[in-house]
Amino acid sequence: MNERVIHVRANIRLLPTSQSGRKLPVRGGSYRPNHNFFDADNTSMTVGFVELPEGTELHPGENMDALIKLLYWSGLKDQIYVGREWRIQEGARLVGIGTVI
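Notes on the structure in this doc start here. (Residues numbered from 1 in each chain as written. Predicted model: local features only at pLDDT ≥ 70, side-chain atom pairs only at ≥ 80, totals over all residues. Heavy atoms only, no water.)

A short note on the overall build of the protein
Worth spelling out the cut-off: Helix and strand assignments follow DSSP, with helices taken as H or I runs no shorter than four residues and strands as E runs no shorter than two, numbered in order from the N terminus. In this setup the radius of gyration rests on C-alpha atoms only. A globule is expected at 2.2 Å times the number of residues raised to 0.38. Note on exposure labels: buried denotes an accessible area under 20% of the residue type's maximum, exposed denotes more than 50%, and partly exposed covers the range between, all computed with a 1.4 Å probe on protein chains only. Residue contacts follow a heavy-atom distance rule, with two residues in contact if any of their heavy atoms lie within 4.5 Å. Residue exposure ignores everything except the shown protein chains as possible cover, and the areas themselves are Shrake-Rupley values with a 1.4 Å probe. For the charge count, each Lys or Arg is scored as positive and each Asp or Glu as negative, with His and the chain ends excluded. Charge coordinates come from a single atom per side chain, which is NZ of Lys, CZ of Arg, CG of Asp or CD of Glu.
Helix and strand counts for the protein come out as two helices and eight strands. Secondary structure elements of the protein, listed N to C terminal, follow the sequence β-α-β-β-β-β-β-α-β-β. A compact globule built from 101 residues should have a C-alpha radius of gyration of about 13 Å, and the protein, at 13 Å, falls within 12% of that. Taken over 101 residues, the protein has a buried fraction of 38%. Residue pairs at least 24 apart in sequence account for 64% of intrachain contacts in the protein once pairs closer than 6 positions are excluded. When the accessible surface of the protein is split by element, carbon and sulfur atoms take 48% of a total near 5800 Å². Within the protein, one finds 12 positive and 11 negative side-chain charges whose respective centroids are separated by 2 Å.

Here we look at the side chain of Gln79
Secondary-structure assignment places Gln79 in helix α2 (residues 76–79). For Gln79, a relative accessible area of 17% gives the class buried. Those residues within four positions of Gln79 in sequence are excluded, and the remaining contacts are Phe37, Phe38, Trp73 and Arg84.

Some words on the nonpolar core
Spelled out, the test is: By nonpolar core is meant a set of buried Ala, Val, Leu, Ile, Met, Phe, Trp, Tyr and Cys residues that side-chain atoms within 4.5 Å join together.
Core analysis: the biggest nonpolar cluster contains 19 residues, and Val8, Ile12, Ile68 and Trp86 have the highest contact counts within it. At the level of secondary structure, the elements contributing two or more residues to this core comprise β1 (5–14), β6 (63–71), β7 (85–90) and β8 (93–100). Tallying contributions element by element places β1 first for this core, with five residues. Contact partners of Ile68, with chain neighbours within four places excluded, come to Ile6, His7, Val8, Ala10, Ile12, His35, Phe49, Val50 and Trp86.

Take a look at the structure:
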């Protein structure tokens, strides 16, 4: 099976540790959270790879523009438009917000 990937330029904002519980920074090329384009109770999420430049870190409470590679699912393209925000989650825990740029 050949999985399709949708590339998105987005601003990624990690919530502060006090809101998300995440203490460690995200490092370039190694972060693969869930991406939820619906509400907190919706479990229809996709996995996405947050591509940061090698050697960079994104700490809780900070934001950065990044390339996101989202694994395709039917209807995902309709959710991708400039200004669209979505939930970045580790399991059910909200750790950040993505905004399409």
